[in-house]
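Take a look at the letters that make up each chain.
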Amino acid sequence: MELLDRRENVCEMHAESVFNDSSRFMFCIDKLCLCYGNNMIIENVSLNIPKNSVTSIIGPSGCGKTSFLCCLNRLTDLNESCCVTGEVKVGDENVYSSSVNLTEVRRKIGMLFQKPNLFPFSIWRNLELPLKHHGVRDKEVIRLKIQNVLQNVGLWEEVESRLHTPALSLSGGQQQRLCLARTLILEPEVILMDEPCSALDPMSTKKIEELIMELKGNYTIVIVTHNIAQAKRISDHVAFFWNHEGKGVLVEQGTADKIFNYPKHELTAAYVNSGA
Amino acid sequence: MSEQAVRLERGSHYDLDNLATFIAWSGFIVVVLIFVWILGEILVNGISVISWEFLTESPGNAGRSGGILPILVSTGVIVFICLAFALPMGVATAVYLNEYTLKDSRFAKFINISIDVLAAIPSIIYGLFGFVFFNNVLGFGFSLLSGGLTLACMVLPFVIRASIDGLKAVPDAYRESSTALAMSKSASLFYVIIPSAMPGIIAGFLLGIGRALAETAALLFTSGYVDRMPSGVMDSGRALSIHVYDLAMNVSGGDANAYGSAFVLIVVLLVVNSMAIYIGNKIQRRQLR
Ligand SMILES: Nc1ncnc2c1ncn2[C@@H]1O[C@H](COP(=O)(O)OP(=O)(O)OP(=O)(O)O)[C@@H](O)[C@H]1O
Ligand SMILES: [Mg+2]
């Protein structure tokens, strides 16, 4: 029985690689390299990330997971010493081509950071600001969207009465959910998450995980996590990065089942079993 | 090592400790004493002069009698002109340096050094520069405008420094999240970064006011020292600190009113400085969070 399962999996994998239909993928990343100054941090990563599913990026500390994530919405622009080569395609557009409309691309790709990074304004202002910047002026529309998105992240009851108090007075878990709300309010197609639960207690972590499971029908989620158990719980696909002589390389990728149960590479096997 | 030696060694440590404590404390006490003495002298001698009439009348008899209203007006106008130029320029320079230039580019380094040099130039030099440039080259003559602009040059490096500090205190996370929210650089500057840096910018503003209020030398050459009510920004007028200087040094029998004017000056300065400290504390508290 188990053997049969395995064979099926292998077939599926095979089908995946042959049936390389780009419309199934949100991101097609080809030969991506990233340097800070003269240090190469990510070397030659090629990876396709399927739509409407959760892709986990796992690997040891310092192997370039955060940097990789920042390539997907070109947040690398903020660092002057950072240079990127290769291709990151979202749909048909290469994020790194000079003709790309960055505002549009970044609006399509929301991002959640390791630490909640709300602005030092009120809860309301945090949500209103991105909306207004993207041309939503109608007060009633703004109000509805804010309420809607706060309900989606399960924060509405908790903050309904204090929408105009400083966002930084919320607890860490609430702040992270508010960050998620702020991301969702722009109606992105993708949500990048960089260890979104690493600063949270188990209860808040569970809430975020539940939210991820709810969201994945409508969004493509790429999540970096150090928590292998978490990756097992939530991911459909997994990419395993490793630090090879100071450079981050992609060792293995595939469905969650394949990576966790039938890893091909011995590094992968060692890594995914170290936490279990 | 024998037990006694150990004790001795410890003993000498204690002595050293005590000495250091003594030096630190006496330094502290001397500073406080000087402060209290100056303040006390001015408060005690000045407070008897203060009255509604003193604040609302023109000076008479070269300042020996009457009040300081025209001087307050001139001072206000000079400080206003100074800040009207120094603040926008200072904040713009700080934004440019901190947000647009590469951190270790030559150009940024050059501007940074220039700012430090400008901050270290004695005010009398600014006065001479203002006299040559604003009064003569630009033909503003002895006027509140020349004085205000000269002070603006003088205050500018401090406003820039304070604003840069304010901007530096804004965590990079704000820049990252506003970029990730697809906000343009200018929008994130105006709606996120500058509002977050506001405490630092306000502290720079208050520091500027403080320095402008306290200035004498740079104003002697530029806005003049006639003590009548100025008729406009192109008229000359006397600033408060010059008034104090003039009454104390040049007018015999002007001591009482000199103390009175000094009292007013000190009260305004104290208020401005404590606001700056209060806001400075606020910044620090935010950084800790
Ligand atoms: N701004 C930067 N400038 C220079 N080097 C950097 C910068 N950011 C990261 N690096 C380097 O890039 C490498 C990868 O960093 P990155 O943050 O992407 O790792 P990571 O996989 O996310 O690690 P972790 O799991 O600890 O978050 C590290 O060696 C780090 O020193
Ligand atoms: Mg990281």
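Residues numbered from 1 in each chain as written. Chains lettered and ligands numbered in written order. Predicted model: local features only at pLDDT ≥ 70, side-chain atom pairs only at ≥ 80, totals over all residues. Heavy atoms only, no water.

A.B. asks: Any chance you could explain the overall build of chain A here in plain terms?
C.D. replies: The helix and strand inventory of chain A stands at 11 helices and 10 strands. Across its three principal directions, the C-alpha atoms of chain A cover 55 × 45 × 35 Å. By the burial criterion, 51% of the 276 residues in chain A qualify as buried. Long-range contacts, defined here as pairs at least 24 residues apart, represent 67% of the contacts in chain A between residues at least 6 apart. As displayed, chain A offers around 12,800 Å² of accessible surface, 49% of which is attributable to carbon and sulfur atoms. Charge centroids of chain A, computed over 29 positive and 33 negative side chains, lie 4 Å from each other. (Helix = DSSP H or I, 4+ residues; strand = E, 2+ residues; numbered from the N terminus. Buried < 20%, exposed > 50% of the residue type's maximum accessible area, 1.4 Å probe, protein only. Contact = heavy atoms within 4.5 Å. Areas by Shrake-Rupley, 256 points an atom, 1.4 Å probe, with all protein chains shown as cover. Lys, Arg positive; Asp, Glu negative; His and termini not counted. Charge placed at Lys NZ, Arg CZ, Asp CG, Glu CD.)

A.B. asks: I would appreciate a short explanation of the overall build of chain B in the present structure.
C.D. replies: For chain B, the count of helices and strands is 11 helices and two strands. Tracing chain B from N to C terminus, the helices and strands come up as α-α-β-β-α-α-α-α-α-α-α-α-α. The C-alpha radius of gyration of chain B comes to 24 Å, more than 25% above the 19 Å expected for a compact globule of 289 residues. With the C-alpha coordinates aligned to their principal axes, the bounding extent of chain B is approximately 80 × 65 × 35 Å. The buried share of chain B, reckoned over its 289 residues, is 43%. As displayed, chain B has an accessible area near 15,400 Å², and 69% of this comes from carbon and sulfur atoms. (Rg over C-alpha atoms; globule rule 2.2 N^0.38 Å.)

A.B. asks: Is there a simple way to think about the packing of helix α4 (residues 123-133) of chain A against helix α7 (residues 172-184) of chain A in this case?
C.D. replies: In helix packing, the relevant descriptors are the interaxial angle and the interaxial distance, both defined with respect to the helix axes. Residue and element names in this part refer to chain A. Orientation of α4 relative to α7, taken along the N-to-C sense of each, is 25°, at an axis distance of 9 Å. Taken together, the axes of α4 and α7 are roughly parallel relative to one another. The handedness of the crossing between α4 and α7 is right-handed. Facing α4, whose interface residues are Ile123, Asn126, Leu127 and Pro130, α7 presents Leu178, Ala181 and Arg182. (Axes fitted to C-alpha atoms, helices over the stretch in contact; angles between N-to-C directions. Parallel < 35°, antiparallel > 145°, perpendicular 65-115°, else oblique. Left-handed = near helix turned anticlockwise from the far one by under 90°.)

A.B. asks: I'm lost on a nonpolar patch on the surface in this one. Help?
C.D. replies: Residue and element names in this part refer to chain B. On the surface, a cluster of nonpolar side chains totalling about 790 Å² of accessible area is made up of Trp25, Phe28, Ile29, Val32, Leu33, Phe35, Val36 and Leu270. Sort the elements by how many residues they give to the nonpolar patch and helix α1 (residues 3-47) lands first, with seven residues. Among the structural elements, Trp25 can be located in helix α1. (Patch = residues over 30% accessible without salt bridge, like charges linked within 9 Å, V, L, I, M, F, W, Y side chains within 5 Å. Salt bridge = Lys/Arg side-chain N within 4 Å of Asp/Glu carboxyl O.)

A.B. asks: What exactly am I supposed to notice about helix α2 (residues 65-72) of chain A here?
C.D. replies: Side chains of residues three or four places apart in an α-helix project in the same direction, reflecting 3.6 residues per turn. Residues and elements named next belong to chain A. Most of α2 sits out of view: seven of its eight residues are buried. Buried within α2 are the following residues: Lys65, Ser67, Phe68, Leu69, Cys70, Cys71 and Leu72. At the exit of α2 stands Arg74, carrying a positive phi of roughly 60°.

A.B. asks: Can you help me understand the site of ligand 1 in this one?
C.D. replies: Residue and element names in this part refer to chain A. In the vicinity of ligand 1, the contacting residues are Tyr36, Ile41, Ser61, Gly62, Cys63, Gly64, Lys65, Thr66, Ser67, Asn79, Glu195 and His226. Here an oxygen atom of ligand 1 and a backbone polar atom of Cys63 are 3.3 Å apart. Separating an oxygen atom of ligand 1 from a side-chain N or O atom of Thr66 is a distance of 2.5 Å. Here ligand 1, which alone exposes 630 Å², has 60% of that area covered by the protein. Among the elements that make up the shell around ligand 1, the one with the highest residue count is α2 (three residues). Residues belonging to the shell around ligand 1 are distributed by class as follows: three nonpolar, seven polar and two charged. (Near = heavy atom within 4 Å. Polar contact = N/O pair within 3.5 Å; in protein donor to acceptor, adjacent residues only side chain to side chain. Nonpolar A, V, L, I, M, F, W, Y, C, P; charged D, E, K, R; others polar.)

A.B. asks: Honestly, the interface of chain A and chain B in this entry has me stumped. Any pointers?
C.D. replies: Interfaces are often sized by the accessible area lost when the parts come together. Each side of the interface is counted separately: chain A has 24 residues, and chain B has 21 residues. Counting each side, the surface lost to burial between chain A and chain B is near 1,800 Å², with a carbon and sulfur contribution of 71%. Considering only the side of chain A, the residues that lose the most area to chain B are Glu80, Phe119 and His133 of chain A, jointly responsible for 27% of the buried surface there. Put simply, chain A and chain B have zero salt bridges between them. (Buried area = accessible area lost by both parts, 1.4 Å probe.)

A.B. asks: Would you mind showing me how to read the packing of aromatic side chains here?
C.D. replies: The description of an aromatic ring pair rests on the distance of the ring centres and on the angle between the ring planes. Summed over the entire model, instances satisfying the criterion amount to 11 aromatic pairs over all chains. Here a set of aromatic residues connected by ring pairs shows up, and it is made of Phe119 and Phe121 of chain A together with Tyr174 of chain B. The ring of Tyr100 of chain B carries the charged tip of Lys185 of chain B above its face, separated from the ring centre by 4.5 Å. (Phe/Tyr/Trp six-rings, centres within 6.5 Å; stacked < 30°, edge-to-face > 60°. Lys NZ or Arg CZ within 6 Å of the ring centre and 35° of its normal.)

A.B. asks: Sorry if this is basic, but what is going on with the environment of Pro59 of chain B here?
C.D. replies: Residues and elements named next belong to chain B. Locating Pro59 in the fold gives a position in strand β1 (residues 59-60). With a relative accessible area of 16%, Pro59 lands in the buried category. The spatial distance from the C-alpha of Pro59 to the C-alpha of Arg228 is 7.9 Å, given a sequence separation of 169 residues. Setting aside chain neighbours within four positions, we find Pro59 in contact with Ser65, Gly66, Gly67, Pro70, Ile71 and Asp227.

A.B. asks: Would you mind showing me how to read the packing of helix α7 (residues 172-180) of chain B against helix α8 (residues 185-214) of chain B here?
C.D. replies: All names here are of chain B. Axis separation between α7 and α8 bottoms out at 11 Å; the angle between their running directions is 160°. One finds that α7 runs roughly antiparallel with respect to α8. Relative to α8, the crossing made by α7 is right-handed. Between α7 and α8, the residues in contact are Tyr174, Arg175 and Ser178 and Ser188, Val192, Ile193 and Ser196, respectively. Among the residues forming the contact of α7 with α8, the class breakdown is three nonpolar, three polar and one charged.

A.B. asks: Please clarify how the side chain of Ser122 of chain A should be interpreted in this entry.
C.D. replies: Residues and elements named next belong to chain A. For Ser122, the position within the fold is in the loop between β6 (109-112) and α4. A residue is classified by how much of its surface remains accessible, and Ser122, at 15% relative accessible area, is buried. Polar side-chain contacts of Ser122 include one of 3.1 Å to the backbone nitrogen of Arg125. Setting aside its immediate chain neighbours within four residues, Ser122 contacts Leu163, His164, Thr165, Pro166 and Ala167.

A.B. asks: So what exactly am I meant to see when it comes to the domain arrangement of chain B here?
C.D. replies: All names here are of chain B. For chain B, the domain assignment lists domain 1 (15-47) and domain 2 (53-288). Contacts between the two partners involve seven residues from domain 1 and, on the opposite side, six residues from domain 2. Carbon and sulfur atoms supply 85% of the area that domain 1 and domain 2 bury against each other, a total of about 650 Å² over both sides. Applying the counting criterion to the domain 1 and domain 2 interface returns zero salt bridges. On the surface where domain 1 and domain 2 come into contact, there are one residue pair in polar contact (both at pLDDT 80 or more). (Domains from an automatic or database assignment.)

A.B. asks: Please explain the confidence of the model for chain A as it appears in this structure.
C.D. replies: Interpreting fine coordinate detail is not advised for predicted regions of low pLDDT. Model confidence for chain A is summarised by a mean pLDDT of 86, while 91% of its residues fall at 70 or above. Note on residues 1-19 of chain A: pLDDT under 50 across the span, and 10 contacts to partners over four residues away in sequence or across chains. (pLDDT = per-residue confidence, 0-100.)

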